[in-house]
Amino acid sequence: MSLPPDSYGAFARVYDKALGELFFRGIAQVLRALEVEYPTAKKTHLDIACGTGLAMRHFISRGWKSTGADASYAMASRARARGLDVMVADFRDLALLGRFERITCLYDSLNHILDRDDLLRAFSCVEPLLDDSSLFWFDLNDPASYDGVWAIAEPYVSSGEDYHLEIATRYDEPANFASARVVGWHDVDGERHLIDETHYQRSWYRDEVISLLAEAGLETVDVFGFDPFASRVFEAVEVKEMYVARRVR
Ligand SMILES: C[S@@+](CC[C@H](N)C(=O)[O-])C[C@H]1O[C@@H](n2cnc3c(N)ncnc32)[C@H](O)[C@@H]1O
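Counting restarts for each chain: residues are numbered from 1 in the order of the written sequence. Predicted model: local features are reported for residues with pLDDT of at least 70 only, side-chain atom pairs are reported and counted for 80 or more only, and whole-chain, interface and lining totals are derived from all residues.

Novice: Looking at this structure, I do not really get the site of the ligand. What am I missing?
Specialist: Taken together, the neighbourhood of the ligand is formed by 20 residues, with A49, G51, A71, S72 and Y107 sitting nearest. Think of it this way: any DSSP run of H or I at least four residues long counts as a helix, any run of E at least two long counts as a strand, and we number them from the N terminus. Broken down by secondary-structure element, the contributors of at least two residues to the shell around the ligand are α1 (15-37) and α2 (54-61). Polarity classes work like this: nonpolar for Ala, Val, Leu, Ile, Met, Phe, Trp, Tyr, Cys and Pro, charged for Asp, Glu, Lys and Arg, and polar for all others, with Gly in that last group. Across the shell around the ligand, the residue classes break down as 12 nonpolar, five polar and three charged. Note on definitions: a residue is near a molecule or strand provided its C-beta atom, placed from the backbone, lies within 6 Å of it.

Quick look at the structure:
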């Protein structure tokens, strides 16, 4: 069970500049708000699909011990280069020991799951890692954002001195199937590395997610919309949904 071989490969080199940092600026506000709403003295954190480790660094800077897991060796390597404790693991098959006070899975990582049973497996892997006071915070794309954002004709373009990236997204609504082709290049020490990979996603509706969480032994405490890119939290334009879940007590 693995990601498509080209997924988050060469793209990992420019992920932070092209997407990661932009998302992180928005999600950091949400994470801070959640920390205030759900205070705890226990500071153990696990970031599932941690990517290059931006959220882990956030937690560490706030006094947490943070562990990460990601299926992409290239993304995990970027995080490890930052000195972070990251393992390469698929979230549908996460076999970890221990309990974590907060588990996060951010930036629509769970939308990469295309199959109901796989989402149930991912949630079922989280359940034994929570204790009675633990919370699982994860976001998913608001289903409406696939028609509104993913179906636009123009690619998303991000450029810098040493890279250029274009992300062309498509959404097939009847099939509930979205794709993002990531094409570009990155210059390192005078050498040009080409990027050409495709990621696949699907939307997950709130009722379905809440019911799968329950099947995995998790109860939903809260769900709210937010838009990380406009840095507006809890406003009318919502492109993502944040879930707060816990183990059924
Ligand atoms: C959009 S990135 C988000 C990375 C990070 N959470 C962040 O906020 O920057 C999606 C991440 O999900 C990871 N991913 C996708 N499918 C996965 C799977 N089956 N198991 C674990 N990680 C997966 C990818 O490797 C990638 O790092």
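Novice: I keep staring at the environment of L34 and nothing clicks. Help me out?
Specialist: Mapped onto the fold, L34 is located in helix α1. A residue is classified by how many C-beta atoms lie within 10 Å of it, and L34, with 18 of them, is partly exposed. Between the alpha carbons of L34 and D118 there is a distance of 27 Å; along the sequence they are 84 residues apart. Around each residue's C-beta, the other C-beta atoms within 10 Å are counted; 20 or more make the residue buried, 12 or fewer make it exposed, and counts in between make it partly exposed. All C-beta atoms are placed from the backbone.

Novice: Even after reading the chapter, I still don't get the nonpolar core, so can you show me in this structure?
Specialist: Note that soluble globular proteins tend to have their nonpolar side chains buried in a common cluster. Nonpolar core, as used here: buried Ala, Val, Leu, Ile, Met, Phe, Trp, Tyr and Cys residues forming one set through C-beta atoms within 7 Å. I48, C50, A122 and F136 are the most contacted members of the largest nonpolar core, which totals 54 residues. It is α1 that provides the largest number of residues to this core, a total of six residues. Taken together, domain 1 (10-142 + 204-247) and domain 2 (146-201) each give at least three residues to this core, which thus spans both. C-beta atoms are placed from the backbone for every residue, and two residues are taken to be in contact when these atoms lie within 7 Å. Those residues in contact with C50, other than ones at most four positions away along the chain, are A55, M56, G68, A69, D70, A79 and V86. Residue ranges assigned to each domain were obtained from an automatic or database domain assignment.

Novice: In this structure, what is going on with the environment of R202? I would like to understand it.
Specialist: Within the secondary structure layout, R202 lies in the loop between β9 (191-201) and α6 (206-215). Each C-alpha atom, one on R202 and one on N111, is 5.6 Å from the other, the two residues being 91 residues apart in sequence. Sequence-distant contacts of R202, defined by excluding residues within four places in its chain, comprise N111, L114, N176, F177 and A178.

Novice: How should unusual backbone geometry be read in this particular structure?
Specialist: Positive phi values are uncommon outside glycine, yet D108 reaches one of about 40°. Checked against the element boundaries, D108 lands in the loop between β4 (102-105) and α4 (116-126). The exposure class of D108 is buried, given the 21 C-beta atoms found within 10 Å.

Novice: Just checking my understanding: could you explain the packing of α4 against α6 for this structure?
Specialist: The geometry of a pair of packed helices is captured by two quantities: the angle between their axes and the separation between those axes. Between α4 and α6, whose axes approach to 9 Å, the crossing angle comes to 50°. Judged by the angle between their axes, α4 and α6 are oblique. Of the two possible hands of crossing, α4 and α6 adopt the one that is right-handed. Here R116, L119, L120 and F123 of α4 come into contact with α6, specifically with L212, L213 and E215. When grouped by side-chain class, the residues that make up the contact of α4 with α6 number five nonpolar, no polar and two charged. A fitted line through C-alpha atoms represents every axis, and for helices the fit uses only the stretch in contact; the resulting angles, taken between N-to-C directions, go from 0 to 180 degrees. The cut-offs work like this: below 35 degrees is roughly parallel, past 145 is roughly antiparallel, 65 to 115 is roughly perpendicular, and the gaps in between are oblique. Here a crossing is called left-handed whenever its near helix is offset anticlockwise from the far helix by less than a right angle, and right-handed whenever the offset is clockwise.

Novice: What am I meant to see in the sheet that holds strand β7 (residues 163-172) here?
Specialist: Sheets are built from strands paired through backbone hydrogen bonds, the pairs being either parallel or antiparallel. In short, DSSP must find at least two bridges between two strands for them to pair. On the basis of which strands lie adjacent, the open sheet formed by four strands has the order β6-β7-β8-β9 and antiparallel pairing. With partners counted over all chains shown, the strands left at the sheet margins are β6 (156-160) and β9, one partner each. Recorded for the sheet is a direction-independent mean angle of 10° between the axes of neighbouring strands.

Novice: Quick question: what am I supposed to make of the domain arrangement of the protein chain here?
Specialist: By the assigned domains, the protein chain splits into domain 1 (10-142 + 204-247) and domain 2 (146-201). Averaged C-alpha coordinates put domain 1 and domain 2 at centres separated by 22 Å. Every contact between the two is made by 12 residues of domain 1 and, on the other side, 15 residues of domain 2. Grouping the amino acids of the side of domain 1 that touches domain 2 by side-chain chemistry returns six nonpolar, three polar and three charged.

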